[in-house]
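# Secondary and tertiary structure notes
Each chain, letter by letter, is given below.
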Amino acid sequence: MRILVVEDEVRLAAGLKAGFEAEGFAVDVAHTGTDGLWLGRENSYDAIVLDIMLPGLNGFKVCESLRHHEVWTPVLMLTAKDGDWDQIEALDGGADDYLTKPFSFDVLLARIRALVRRGQSARPAVLTAGDLTLDPSTRAVGRGDTSIELTSREFAVLEYLLRHKGEVVSKSDVLGNVWDFDFDGDPNIVEVYIRHLRNKVDRPFDRTAIETVRGAGYRLAADGG
């Protein structure tokens, strides 16, 4: 397995390289965010260990740029800070895990192995279908340059549809993932919210992204309609 370590502390980077190599990993090292981004985009890795405080580009920007360019290599971010907002920004920016300094190499190794087992599935920070965008971290929705205001429930339904764009999802799928499992109201509530969404994200833009598949459920067109 091949690992990229992006860490500006030279001694720590060398220690991580030696530790991973002792476990049978091939390791590349970058000491700046700029170099780390270039290596991450140009080469294939099983995982990336990425420090946050880096010269050139910080780890947040490196991770966001990798995801923007559809590089889905699992990323574990290292930080000397233990603040909630750093962890939130790391995860919302596309990182898969984080570890605060100082840390145990054995714990780092175990987390890297777990990330490698998980693989490189697409995990975009911002969900898109054509010019329709939804950012779960900022709760922003838009069509092109036009912002769209949604209620919290409308947002949740649209997020579910976007995460399964191009797929047919049943009414019960939507209910089970957006409403509580013990929801005992009228299941036609899904139709109501689908209608609300069409009136906000489709009709004003002359689009038909949210389709009804008779007898099966709904599908959000992968190209945004």
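Keep in mind the model is a prediction, meaning the values are calculated, not measured.

What follows covers the domain arrangement of the protein. By the assigned domains, the protein splits into domain 1 (2-120) and domain 2 (127-220). Here the C-alpha centre of domain 2 lies 34 Å away from the C-alpha centre of domain 1.

Interhelical geometry of helix 2 (residues 33-42) versus helix 3 (residues 59-68) gives an angle of 25 degrees and a closest axis separation of 10 Å. Judged by the inter-axis angle, helix 2 sits roughly parallel to helix 3. Note that helix 2 runs across helix 3; the crossing there is right-handed. Facing helix 2, whose interface residues are Gly33, Leu37, Gly40 and Arg41, helix 3 presents Val62, Ser65 and Leu66. Residue composition of the contact of helix 2 with helix 3, grouped by class: three nonpolar, three polar and one charged.

Time to look at helix 1 (residues 10-22). Because the α-helix completes a turn every 3.6 residues, residues three or four places apart line up on one side. The end-to-end C-alpha distance of helix 1 is 18 Å, a good match for the 18 Å that 13 residues give at a rise of 1.5 Å each. Residues of helix 1 that are buried include every one of Ala13, Leu16, Gly19 and Phe20, and no others. The buried residues of helix 1 all sit within an arc of 130 degrees when viewed along its axis, so they share a single face. Among the exposed residues of helix 1, those pointing more than 90 degrees away from its buried face are Val10, Arg11 and Ala22.

Glancing now at the pattern of salt bridges. Evaluation of the coordinates by the stated rule reveals 15 salt bridges. Across the salt bridge formed by arginine 2 and aspartate 28, the nearest N and O atoms sit 3.0 Å from each other. In this pair, arginine 2 is assigned in strand 1 (residues 2-6) and aspartate 28 in strand 2 (residues 26-30), connecting sequence segments 26 residues apart. With relative accessibility at 18%, the residue aspartate 28 sits in the buried group. Between glutamate 7 and lysine 101 there is a salt bridge, and its shortest N-O distance comes to 3.1 Å. Residue glutamate 7 is located in the loop between strand 1 and helix 1, and its partner lysine 101 is located in the loop between strand 5 (97-100) and helix 5 (105-118); the two are separated by 94 residues in the primary sequence. Its relative accessible area of 0% is what places glutamate 7 among the buried residues. Here the salt bridges do not stand alone but share partners, grouping Glu7, Glu9, Asp51 and Lys101 into one network.

In spatial order, the strands read 2-1-3-4-5; together these five strands make up an open sheet with parallel pairing. In the strand order of this sheet, the two ends are held by strand 2 and strand 5, each with one partner. Across this sheet, the average inter-strand angle for adjacent strands is 20 degrees, counted without regard to direction. As paired elements, strand 1 and strand 2 share five bridges and run parallel to each other. Directly across from arginine 2, in strand 2, lies its bridge partner alanine 26. Helix-sheet contacts for helix 1 involve strand 1, strand 2, strand 3 (47-51) and strand 4 (75-79), and the interaxial angle to strand 2 is about 170 degrees.

Here we come to the packing of aromatic side chains. Scanning the model with the defined rule gives two aromatic pairs in all. Geometrically, the ring pair formed by phenylalanine 20 and phenylalanine 25 is edge-to-face, given 5.4 Å between the ring centres and 70 degrees between the ring planes. Owing to a relative accessible area of 0%, phenylalanine 20 belongs among the buried residues under this scheme. Judged by its relative accessible area of 6%, phenylalanine 25 is buried. Centroid distance phenylalanine 20 to phenylalanine 105: 5.2 Å. Interplanar angle 65 degrees. Geometry classified as edge-to-face.

Once that is clear, we can look at unusual backbone geometry. That bond from lysine 101 to proline 102 is cis: its omega, -5 degrees, falls within 30 degrees of zero. Here proline 102 lies in the loop between strand 5 and helix 5. Within the chain, glutamate 70 stands out as a residue other than glycine whose phi angle is a positive 60 degrees. With respect to the secondary-structure elements, glutamate 70 resides in the loop between helix 3 and strand 4. Judged by its relative accessible area of 60%, glutamate 70 is exposed. Even without a glycine there, the phi angle at aspartate 206 is positive, about 55 degrees.

Scoring rules and cut-offs
Residues numbered from 1 in each chain as written. Predicted model: local features only at pLDDT ≥ 70, side-chain atom pairs only at ≥ 80, totals over all residues. Heavy atoms only, no water. Domains from an automatic or database assignment. Axes fitted to C-alpha atoms, helices over the stretch in contact; angles between N-to-C directions. Helix = DSSP H or I, 4+ residues; strand = E, 2+ residues; numbered from the N terminus. Parallel < 35°, antiparallel > 145°, perpendicular 65-115°, else oblique. Left-handed = near helix turned anticlockwise from the far one by under 90°. Contact = heavy atoms within 4.5 Å. Nonpolar A, V, L, I, M, F, W, Y, C, P; charged D, E, K, R; others polar. Expected span 1.5 Å × (residues − 1). Buried < 20%, exposed > 50% of the residue type's maximum accessible area, 1.4 Å probe, protein only. Arc of directions from axis to C-beta. Salt bridge = Lys/Arg side-chain N within 4 Å of Asp/Glu carboxyl O. Pairing = 2+ DSSP bridges. Phe/Tyr/Trp six-rings, centres within 6.5 Å; stacked < 30°, edge-to-face > 60°.

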